Amino acid sequence: MICDAHAYLGNSPGWAQMGLPVPLDGHAWVEMMDRSGVDRALVAPPGVGAQQDFKPDMDRIAQAMRDYPERLFGFCRVKPRRGQTAIDELRMRVEEQGFRAIKMNTLDDDYRLDDRALIDPVMQAANEFGIVVFFHTGDAHGETCQPSMVADIAVDFPSTTFIIGHCGYVGYQHQTAPSLKRAPNTVAETAGLLTPAIIQGIVDEVGAQRVLIGSNGPNTPIELPALMVNKYMNKLNPEEKALITGGNFERILRLD
Amino acid sequence: MTGKIYDTHAYLGDNPAWAQMGLPVPLEADGWIELLDTAGIDGALVAPPGVGAGEDFRPDMDRIAAAIRQYPERLFGFCRVKPRRGAAAIGELRFRVMEHGFRALKMNTLDDDYRLDDRALIDPIIETAANLGIVVFFHTGDYQHRTCTPNMVADVATSFPETTFIIGHMGFGGVNGFPGDIDQLVPAMERAPNTVAETAGVFKAEFIQDVVDQVGAHRILMGSNGPNSPIELPKVMIGKHMNKLSQDQKDKILGGNFARIFGLNSKS
């Protein structure tokens with residue numbers, strides 16, 4: 001089973017540049033998965049930034065999960081500054097629509113992951129709902145979302161699984177393995193990293209059971225990460241490849 | 001895909017990190033041909049790996065020379081030189097082109113801590129490349145992006161109108177988390193018609209399509225950065241998933257433009 005831990009479904013006009021339908025709904029997503037050899041994906045509403053209203057695309061994701069419950073899984077995105085409104089939104093998406101994870105990007109509400117007074121109520125809610133928490137890390141705003149900050153949060157919520165999105169991306173990759181070691185309830189996700197030596201270096205330090213492929217798709221074609229791991233990362237054995245390309249996803253989302 | 005497929009930006013030689021993918025180190029001609037066959041790619045333009053002023057590219061340029069002798073239809077050589085070495089750099093470039101058949105010069109400002117707008121430093125090298133009739137490739141964008149912008153490439157290119165200049169990585173930034181100057185790319189290409197852009201490191205398909213929409217598919221070349229990144233990935237992205245492109249446009253980007261720029265059609 002090939003599973004993508006980091007993808008988007010909804011209305012992103014740029015996707016027309018790849019000849020994809022816009023908005024991209026569940027049916028088109030499954031068609032894209034079939035063309036790409038991907039079995040399952042965790043999808044979020046696209047867009048980044050404080051001006052984004054993620055709700056119309058979360059409605060599309062809810063519909064897609066109803067249509068394809070074995071193949072598409074939903075990320076909820078919320079703005080922590082909305083306080084109880086954000087928590088109520090998260091509760092509704094999880095309890096009524098079956099969303100499996102929360103995706104947090106500090107750009108979406110201009111915050112920092114070390115602003116614990118702001119984000120801990122959202123983390124407590126995620127912990128209570130039993131969902132996985134994904135943090136975007138690294139990038140041009142990487143200073144606000146470092147892997148070490150994810151580890152700080154993760155040690156306070158030991159029964160929740162935290163995903164270090166992009167493995168620290170550009171700028172903070174060096175923090176990823178130490179953060180994974182410090183917080184055993186964290187895993188790292190590879191979107192944006194199509195450079196095997198960096199991923200293999202993390203696997204060498206923490207083991208293949210702590211790394212998940214993600215694509216950022218369809219911004220980047222969803223086919224590429226599994227192609228990279230399965231065909232070109234040949235220091236990995238078949239069991240390690242199976243964990244990274246799908247096994248870990250199924251374990252963390254409790255699909256097996 | 002109907003045409004031949006060529007990778008414009010790859011590496012051959014001794015890079016210990018490649019063992020992390022199970023590749024032989026050093027990676028020489030036979031290992032590279034196996035990689036090309038695995039990926040379904042016909043040929044590649046390969047440079048010595050490594051970046052930085054401390055690098056000595058000559059042992060890997062010797063490996064590249066051997067590789068292009070062995071597989072002249074499939075492997076093509078990039079020469080790397082340090083412009084501060086002056087006449088020695090020019091002599092090295094001449095030697096690699098005239099004696100070993102290298103096809104292009106690859107310049108990265110990190111390799112000798114210079115800037116592409118230091119024209120007194122780089123123009124003698126570029127003039128040599130122009131006289132030798134080879135293609136000039138500049139790394140652009142990345143952490144050192146202020147030293148190597150698409151605008152600087154256009155400035156150099158307009159002074160050497162007979163030479164083809166490749167804007168490596170398309171300005172490299174904003175699209176994959178790296179800093180860069182992608183906003184300069186299209187204006188630079190419009191200003192200097194003897195420039196083309198190369199895609200290595202750029203995996204945001206809509207960005208590549210935006211550039212194609214503005215400058216045309218005949219000015220974009222596929223590159224991989226391989227084997228640091230698997231050489232097959234850009235081929236799959238462009239050939240299979242960039243479906244606003246026509247087949248003719250895909251063929252150009254995947255290999256037709258490379259064959260035109262390096263004069264391969266007239267020899268085959």
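The text that follows walks through the structure, step by step, so that each part is easy to find.

Rules and cut-offs
- Residues numbered from 1 in each chain as written.
- Chains lettered and ligands numbered in written order.
- Predicted model: local features only at pLDDT ≥ 70, side-chain atom pairs only at ≥ 80, totals over all residues.
- Helix = DSSP H or I, 4+ residues; strand = E, 2+ residues; numbered from the N terminus.
- Rg over C-alpha atoms; globule rule 2.2 N^0.38 Å.
- Buried ≥ 20, exposed ≤ 12 C-beta atoms within 10 Å, placed from the backbone.
- Contact = placed C-beta atoms within 7 Å.
- Nonpolar A, V, L, I, M, F, W, Y, C, P; charged D, E, K, R; others polar.
- Pairing = 2+ DSSP bridges.
- Axes fitted to C-alpha atoms, helices over the stretch in contact; angles between N-to-C directions.
- Core = buried A, V, L, I, M, F, W, Y, C linked by C-beta atoms within 7 Å.
- Arc of directions from axis to C-beta.

**Notes on the overall build of chain A**
Piece 1. In terms of regular secondary structure, chain A is built from nine helices and eight strands.
Piece 2. In terms of C-alpha radius of gyration, chain A reaches 17 Å, essentially the compact-globule figure of 18 Å for 256 residues.
Piece 3. Expressed along its principal axes, the backbone C-alpha trace of chain A runs to roughly 45 × 40 × 35 Å.
Piece 4. Burial status across chain A gives 56% buried among its 256 residues.
Piece 5. Across chain A, contacts joining residues at least 24 apart in sequence account for 73% of those joining residues at least 6 apart.

**Some words on the environment of H6 of chain A**
Residues and elements named next belong to chain A.
Piece 1. Residue placement: H6 occurs in strand β1 (residues 3–8).
Piece 2. Classification of H6 as buried rests on a count of 28 C-beta atoms within 10 Å.
Piece 3. In sequence terms H6 and N216 are 210 residues apart; their C-alpha atoms lie 5.4 Å from each other.
Piece 4. When neighbours within four sequence positions are excluded, H6 is seen to be in contact with L42, G165, E189, A191, G214, S215 and N216.

**Notes on the interface of chain B and chain A**
Accessible area lost upon the coming together of the parts serves often as the stated size of an interface.
Piece 1. Listed per partner, the contact involves 24 residues of chain B and 28 residues of chain A.
Piece 2. Looking at the side of chain B that touches chain A, the elements with two or more residues in it are α7 (205–215) and α8 (232–241) of chain B.
Piece 3. A per-class count over the side of chain B that touches chain A returns 10 nonpolar, nine polar and five charged.

**As for the sheet that holds strand β6 (residues 162–165) of chain A**
All names here are of chain A.
Piece 1. Strand order in the open sheet formed by eight strands is β1-β2-β3-β4-β5-β6-β7-β8, and the pairing between neighbours is parallel. With one partner strand each, in any of the chains shown, β1 and β8 (211–212) form the two edges of the open sheet.
Piece 2. Note that strand β4 (residues 101–104) and strand β5 (residues 132–136) share four bridges and pair parallel. If you follow K103 over to β5, its bridge partner there is F134.
Piece 3. In this fold helix α2 (residues 55–67) packs onto β2 (40–44) and β3 (72–77), with an angle of close to 155 degrees to the strand it touches most, β3.

**Describing the nonpolar core**
Piece 1. Counting residues in hydrophobic clusters, the biggest one holds 168 residues, and the most contacted among them are V43, I102 and F135 of chain A together with V46 and V153 of chain B.
Piece 2. Here this core takes six residues from helix α8 (residues 224–232) of chain A, the largest share from any one element.
Piece 3. Apart from the residues within four sequence positions on either side, F135 of chain A is in contact with M104, L113, C145, V150, F162, I163, I164 and G165 of chain A.

**Examining helix α1 (residues 29–39) of chain B**
Along an α-helix, a turn takes 3.6 residues, which lines up residues three or four apart on a common side.
All names here are of chain B.
Piece 1. Listed in full, the buried residues belonging to α1 are W32, L35, L36 and A39. Around the axis of α1, the buried residues are gathered within 100 degrees of arc, so they sit on the same side. Away from its buried face, by an angle of more than 90 degrees, α1 presents the exposed residues D30 and D37.
Piece 2. Next to the buried residues of α1 lie β2 (43–47), α2 (58–70), β3 (75–80) and α8.
Piece 3. Following α1 by one or two positions, G40 has its phi on the positive side, about 70 degrees.

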